[in-house]
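Listed below are the residues making up each chain.
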Amino acid sequence: MPTSLSRSSIACAALVLTCAGLLSGCGDDDFRKPYIGGDAKIGKQLVTQYQCGACHKIPDVPGAGGAAGPDLEKFGRLSYIAGGIPNVPPRLVAWLLDPPALKPGTTMPNVGLTEQEARHMAAYLYTLR
């Protein structure tokens, strides 16, 4: 079936559609939805148990007024962890498991979390908006 569209027009249209498809997933809420894979309520308990508030200010966590680390009040809105690690669930879980592995020289210690504990804590941190 003959067509009046040239190969370059078809290629251009395909490129535009591909870019539009990729950009449609770039909204602010991409990774800001509640994290599936952890329980935020358990995560909040773990944040207390591991004494994260000794270094971080964390809303609604008793005694969590530390100033050595960043304020976590709006953590769920941040684009980056530690100034350069994309704030997406897999990277946050990896960060919580072993911060020095992702950012050598960081003052945030590896506290010996299990992967499931890190998932729960990530779920809680994403609720902080």
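For the structure, check the block above.
A quick note: this is a predicted structure, and the numbers were derived from the prediction, not measured. The numbers attached to residues start from 1 for each chain and follow its sequence in the written order. Given that this is a predicted model, residues contribute local features only at a pLDDT of at least 70 and side-chain atom pairs are listed and counted only at 80 or more, while totals for whole chains, interfaces and linings are drawn from all residues. Remark: hydrogens and water are excluded; side-chain values derive from all non-hydrogen atoms of the structure.

1. Let's talk about the packing of helix 3 (residues 89-97) against helix 5 (residues 115-125)
Point 1. Remark: helix 3 packs on helix 5, axes separated minimally by 9 Å, with the N-to-C direction vectors making an angle of 120°. Taken together, the axes of helix 3 and helix 5 are oblique relative to one another. Judged by the sense of rotation from one axis to the other, the crossing of helix 3 with helix 5 is right-handed. On helix 5, the residues touching Leu92, Val93, Leu96 and Leu97 of helix 3 are Glu115, Ala118, Arg119, Met121, Ala122 and Leu125.
Point 2. Its residues placed into classes, the contact of helix 3 with helix 5 shows 8 nonpolar, no polar and 2 charged. Between the N-to-C directions of two axes lies an angle of 0 to 180 degrees, each axis being a line fitted to C-alpha atoms and, for a helix, fitted only over the stretch in contact. Only DSSP runs of H or I with at least four residues qualify as helices, and only runs of E with at least two residues qualify as strands; both kinds are numbered from the N terminus onward. Convention used here: angles under 35 degrees read as roughly parallel, angles over 145 as roughly antiparallel, angles from 65 to 115 as roughly perpendicular, and any remaining angle as oblique. We call a crossing left-handed when the near helix sits turned anticlockwise from the far one by less than a right angle, and right-handed when that turn is clockwise. When checking whether two residues touch, look at their non-hydrogen atoms; a contact exists if any pair is within 4.5 Å. Residues are grouped as follows: Ala, Val, Leu, Ile, Met, Phe, Trp, Tyr, Cys and Pro are nonpolar; Asp, Glu, Lys and Arg are charged; every other residue, Gly included, is polar.

2. Topic: the side chain of asparagine 87
Point 1. By the secondary structure assignment, asparagine 87 is in the loop between strand 2 (85-86) and helix 3.
Point 2. By the criterion applied in these results, polar contacts are pairs of N or O atoms within 3.5 Å in which, for protein atoms, one can donate a hydrogen and the other can accept it, and in which residues neighboring in sequence qualify only through two side-chain atoms. Only 2.8 Å separates the side chain of asparagine 87 from the side chain of tyrosine 126, close enough to count as a polar contact.

3. Things to note about the environment of tyrosine 124
Point 1. Topologically, tyrosine 124 is positioned in helix 5.
Point 2. In this structure tyrosine 124 comes out as buried when scored by relative accessible area, which is 5%.
Point 3. Between the C-alpha atom of tyrosine 124 and that of leucine 46, which follows or precedes it by 78 residues, the distance is 9.4 Å.
Point 4. Not counting chain neighbours up to four residues away, the residues in contact with tyrosine 124 comprise Ala40, Gly43, Lys44, Val47, Ile58, Pro59 and Val61.
Point 5. In terms of polar contacts, tyrosine 124 uses its side chain to reach the backbone carbonyl oxygen of proline 59, at 3.3 Å. Residue burial is assigned from relative accessible area. The probe radius is 1.4 Å, only protein chains are included, and a residue is buried under 20% of its type maximum, exposed over 50%, and partly exposed in between.

4. With respect to the nonpolar core
Point 1. In this text, buried Ala, Val, Leu, Ile, Met, Phe, Trp, Tyr and Cys residues form a nonpolar core when linked through side-chain atoms within 4.5 Å. Grouped together as the largest cluster of nonpolar side chains are 23 residues, with contacts concentrated most on Ile58, Phe75, Leu92, Leu96, Tyr124, Leu125 and Leu128.
Point 2. If one sorts the elements of this core by residue count, helix 5 sits on top with 6 residues.
Point 3. For leucine 96, the contacting residues outside a window of four places in its chain are Met108, Leu113, Ala118, Met121, Ala122 and Leu125.

5. So, helix 3
Since there are 3.6 residues in each turn of an α-helix, residues three or four apart along the chain are aligned in direction.
Point 1. The complete set of buried residues in helix 3 reads Pro89, Leu92, Val93, Trp95 and Leu96. All buried residues of helix 3 fall inside an arc of 160° around its axis, so they share one side.
Point 2. Those residues of helix 3 that are buried are in contact with strand 1 (80-81), strand 2, helix 4 (99-102) and helix 5. Taken from the helix axis, the directions to the C-beta atoms give the arc we talk about.

6. Examining the packing of helix 2 (residues 40-49) against helix 5
Point 1. It is at 7 Å that the axes of helix 2 and helix 5 come closest, and there the two elements cross at 105°. Taken as axis vectors, helix 2 and helix 5 run roughly perpendicular relative to one another. Residue-level inspection shows Ala40, Ile42, Gly43, Lys44, Leu46 and Val47 of helix 2 in contact with helix 5, the latter providing Glu117, His120, Met121, Ala123 and Tyr124.
Point 2. Classifying every residue of the contact of helix 2 with helix 5 gives 7 nonpolar, 2 polar and 2 charged.

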